[in-house]
Amino acid sequence: MTPPSAHPAPHASSLDLGGRTALVTGAAGGIGRACALRLAAAGAKVRAVDRDARGLEELADGARNLAGAIEPHVLDLTDLDAAELAAAGTDVLVNNAGLQLVRPIEEFPPDVFHTVLTVMLEAPFRLIRGALPHMYGQGWGRIVNVSSVHGLRASAFKSAYVAAKHGLEGLSKTAALEGAPHGVTSNCVNPAYVRTPLVEKQLADQAQAHGIPEERVLAEVLLQDSAVKRLIEPEDVAEAVAYLCGPQASFVTGTSLVMDGGWTAH
């Protein structure tokens, strides 16, 4: 008898977003791409936001047979006014876009710190601000902020990323408290390391910061605090996002759905 897979493919839960408009940031790759495809498969019209025009085209090409649709929207989230305008009329907002630089604080470039906070905290604020009038008007809305285990725990050499994710946690909780009387939920999804280009690009930086060879980074740095010794797949995170958009999660708000393989159990 064939043994069961150590990592079976995720089972897609039932979700019907027909007639709904969703917006996903950082949609050209990684978690954002998986979320955009999952919501489109549930019938949503997805505004796929990213500054990578080619990546968005490839995303749209791969979604032609889904129940919903992908609408590519090329946008640099440092243009905060444009970000707020892009969110108008959305029923589901997934704040996912992120960037990372691994450096000690004394060597961390201030301009990069500013950019990380702009893209990963100020832009989500502006997107939520743009989306809420429509959500409030119809008495229904779903805000899902793709946070991280680093929204709950810190790691050395990631001052900007950790600061942004901790701030996103607070923003999400505030949106939950304000949105509850209007039928709007706001939650975070908190994965540990996901198999994405963002994580793959960290390996060299982490090796330099910790003074170890790159091939030792995954086991000795990235997965050191995780009881489950593997990377998370983007589709797993997308399924958590889908759950928070479904009717069964209508009472789930102001919280963090942790997918960290036991990291925070320490």
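In this text the structure is predicted, and so the values were computed from the model without any measurement.

Undergrad: Break down the overall build of the protein for me, citing the residues and quoting the values.
TA: Along the protein, the regular secondary structure elements total nine helices and seven strands. For 266 residues, the compact-globule formula gives about 18 Å, and the C-alpha radius of gyration of the protein, at 18 Å, lands near that figure. Its C-alpha atoms put the protein at 55 × 55 × 35 Å along the principal axes. Here the protein, with 266 residues, has 50% of them falling under the buried criterion.

Undergrad: How would you explain the packing of aromatic side chains if you had to name every residue and give the values?
TA: For the structure shown, the criterion picks out two aromatic pairs. Taking the centre distance of 6.2 Å and the plane angle of 85° together, the rings of phenylalanine 108 and phenylalanine 113 count as edge-to-face. Seen from the ring of tryptophan 140, arginine 20 lies directly overhead, with NZ or CZ sitting 3.8 Å from the centre.

Undergrad: An account of empty space enclosed by the protein is needed here, citing residue identities and associated values.
TA: This structure, assessed with the given rule, holds one cavity of 30 Å³ or more. Quantified by volume, the largest cavity comes out at close to 60 Å³. For the largest cavity, the full set of lining residues is Thr25, Leu77, Asn95, Asn96, Ala97, Val119, Met120, Pro124, Leu127, Val146, Lys165 and Leu168. Every element with two or more residues in the lining of the largest cavity is listed here: α4 (110–138) and α5 (159–179). With four residues, the top contributor of residues to the lining of the largest cavity is α4.

Undergrad: Which residues make up helix α1 (residues 30–41), and what are the values?
TA: Between its first and last C-alpha atoms α1 spans 17 Å; for twelve residues at 1.5 Å apiece the expected length is 16 Å, and the two agree. α1 sits mainly inside the fold: nine of its twelve residues count as buried.

Undergrad: Any chance you could break down the pairing of strand β1 (residues 21–25) for me, citing the residues and the numbers?
TA: When you tally the buried positions in β1, you get five out of five residues, the bulk of the element. Covered by surrounding structure in β1 are Thr21, Leu23 and Thr25 together with Ala22 and Val24, the residues of both alternating faces. Bridge analysis of β1 against strand β2 (residues 45–50) gives five bridges, and the strand direction is parallel. By the bridge assignment, threonine 25 is partnered in β2 with valine 49. For the crossover that starts at β1, traverses α1 and ends in the parallel β2, the hand is right-handed. Here β1 runs beside strand β4 (residues 92–95); their pairing, made up of three bridges, is parallel. Note that in β4 the partner of alanine 22 across the bridge is valine 92.

Undergrad: Provide a residue-level description of the packing of α1 against helix α9 (residues 234–245), including the pertinent values.
TA: Between α1 and α9, whose axes approach to 8 Å, the crossing angle comes to 50°. In terms of axis orientation, α1 runs oblique to α9. Of the two possible hands of crossing, α1 and α9 adopt the one that is right-handed. The segment α1 lies against α9, with Gly30, Ile31, Ala34, Cys35, Arg38 and Leu39 engaging Pro234, Glu235, Val237, Ala238, Glu239, Val241, Ala242 and Cys245. Here the contact of α1 with α9 is composed, by residue class, of ten nonpolar, one polar and three charged.

Undergrad: How would you explain the confidence of the model for the protein if you had to name every residue and give the values?
TA: Should pLDDT be low for a region, the predicted coordinates there are not to be read in detail. Chain-level statistics for the protein give a pLDDT mean of 93 and a share of 95% at 70 or above. Confidence, read as mean pLDDT per element, is least for helix α6 (residues 197–200) in the protein (76) and greatest for β4 (99). Here residues 1–10 scores under 50 on pLDDT; set against residues more than four positions off or in separate chains, the count is five contacts.

Undergrad: Please provide a residue-by-residue account of the layout of surface pockets, values included.
TA: Quantified by volume, the largest pocket comes out at close to 980 Å³. Within the residue set of the lining of the largest pocket, elements represented by two or more residues are α1, β2, α4, α5, α6 and α7 (202–210). Along the lines of polarity and charge, the residues of the lining of the largest pocket split into 20 nonpolar, 14 polar and eight charged.

Definitions and limits used
- Residues numbered from 1 in each chain as written.
- Predicted model: local features only at pLDDT ≥ 70, side-chain atom pairs only at ≥ 80, totals over all residues.
- Heavy atoms only, no water.
- Helix = DSSP H or I, 4+ residues; strand = E, 2+ residues; numbered from the N terminus.
- Rg over C-alpha atoms; globule rule 2.2 N^0.38 Å.
- Buried < 20%, exposed > 50% of the residue type's maximum accessible area, 1.4 Å probe, protein only.
- Phe/Tyr/Trp six-rings, centres within 6.5 Å; stacked < 30°, edge-to-face > 60°.
- Lys NZ or Arg CZ within 6 Å of the ring centre and 35° of its normal.
- 1 Å grid on protein atoms, 1.4 Å probe; cavity = no way out; pocket = protein on both sides within 12 Å on 5 of 7 lines; lining within 4 Å.
- Points joined across faces, edges and corners; volume = space filled by probe spheres on them.
- Expected span 1.5 Å × (residues − 1).
- Pairing = 2+ DSSP bridges.
- Right-handed = clockwise from strand over helix to strand, strands pointing away.
- Axes fitted to C-alpha atoms, helices over the stretch in contact; angles between N-to-C directions.
- Parallel < 35°, antiparallel > 145°, perpendicular 65-115°, else oblique.
- Left-handed = near helix turned anticlockwise from the far one by under 90°.
- Contact = heavy atoms within 4.5 Å.
- Nonpolar A, V, L, I, M, F, W, Y, C, P; charged D, E, K, R; others polar.
- pLDDT = per-residue confidence, 0-100.

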